[in-house]
Amino acid sequence: MSTHYETLQHADTYREAFAVEPPAALGERHLWPRKPGFFIVHAATATALVQGPASTVGAVEEAAPTTASDTPSDAASTRVLVPAQWGLVPHWVKSASDAKLRAPKLVNAKSDLAATGTAFRDAWLNGQRCIVPMVAFYEDDLRSGKAVPTRVARVDGKPMGVAGLWARWQGADGEVIVSYCLLTVNANNHALLHRYGQPGSEKSMPAIVNEGAYDAWLTARPEKAKEFMRQYAAQWLTANPVEKKADKVPRAFPG
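My aim in this report is to walk through the structure given alongside it, one point at a time. (Residues numbered from 1 in each chain as written. Predicted model: local features only at pLDDT ≥ 70, side-chain atom pairs only at ≥ 80, totals over all residues. Heavy atoms only, no water.)

1. Comments concerning the overall build of the protein chain
Right, on to step 1. When its secondary structure is counted, the protein chain shows eight helices and 13 strands.
Right, on to step 2. Scored against the burial criterion, the 255 residues of the protein chain give a buried share of 48%.
Right, on to step 3. In the protein chain, 72% of the contacts between residues at least 6 apart in sequence involve partners at least 24 apart.
Right, on to step 4. Roughly 12,300 Å² of accessible area belongs to the protein chain as shown, and the carbon and sulfur atoms make up 53% of that amount. (Helix = DSSP H or I, 4+ residues; strand = E, 2+ residues; numbered from the N terminus. Buried < 20%, exposed > 50% of the residue type's maximum accessible area, 1.4 Å probe, protein only. Contact = heavy atoms within 4.5 Å. Areas by Shrake-Rupley, 256 points an atom, 1.4 Å probe, with all protein chains shown as cover.)

This is how it looks when you write it as structure tokens:
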């Protein structure tokens, strides 16, 4: 289960691959839990990020297109890029200090448990879905007995849009934390990703959404959302160990 991914480092890629305006500052290339990243939501959802998520499902359903269209010209007016912290902070967390402790443990949500797990249930049922843009994610290859960081990316070099959930937390003093997590799917039988992670443990991989399904994922009703939770074909991915010293990154994320 990945706790490290690589962000987009070219402004044009946001426009070309996701039909959103790029951020003023692209941010760090390597992202770790509790660090600032970005996610993409339907434009109708942006209001909920300011006012609270209670009306997210209804607002998105009303704005959903009657026919699917993910062309850049159509999508540009329906998607918004949102800056946020990686590591979900549920709305019921009592304090900012509690949020700081919980967030590193809530960077991934198993898709088969998202609708029932305490930390993720409200976000799933309220339709607080997003797409997390990334170039690659990292997994540990432990088959040799030593952890070897391995970079997983698309074979064609294009960025990936990973399904996620977002949350908005507001403290008693008015402090607001907008956060997100990645949704994962079981990868025990995946031709590539079954190799990584702890031996004997359940294997998982980010739920990568096909480009043509971005808007459908963002606007689907909760009961239909699980239809998007599928493995991404192994032949479309490549995995390479991080061998060059200049490419290696710290094993532990900053506190």
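2. Here we look at helix α1 (residues 11-18)
Each α-helix turn comprises 3.6 residues. Residues three or four places apart therefore point the same way.
Right, on to step 1. When α1 is considered as a whole, its buried residues turn out to be Thr13, Tyr14 and Phe18. End-on, the buried residues of α1 take up no more than an arc of 105°, which puts them together on one face.
Right, on to step 2. Looking at the buried positions of α1, the neighbouring elements they touch are β3 (36-42), β4 (79-86), β6 (129-134), β9 (160-170) and α7 (214-219).
Right, on to step 3. Ala19 sits one or two residues past α1 and shows a positive phi near 55°. (Arc of directions from axis to C-beta.)

3. With respect to the environment of Val20
Right, on to step 1. With respect to the helices, strands and loops of the structure, Val20 is situated in the loop between α1 and β2 (30-31).
Right, on to step 2. Along the backbone, Val20 and Val41 are 21 residues apart, and their C-alpha atoms lie at a distance of 9.9 Å.
Right, on to step 3. When residues no more than four places from it in sequence are discounted, the contact partners of Val20 are Tyr14, Arg15, Ile40, Arg79, Val80 and Leu81.

4. Here we look at the sheet that holds strand β8 (residues 148-154)
Right, on to step 1. The five strands lie next to each other as β2-β1-β7-β8-β13, forming an open sheet whose pairing is antiparallel. Both outer strands of the open sheet, β2 and β13 (237-241), are each paired with one neighbouring strand and no more.
Right, on to step 2. As judged from the two bridges shared by strand β1 (residues 5-6) and strand β7 (residues 136-141), these two strands associate in the antiparallel manner. In the sheet register, Tyr5 faces β7, and the bridge partner there is Phe137. (Pairing = 2+ DSSP bridges.)

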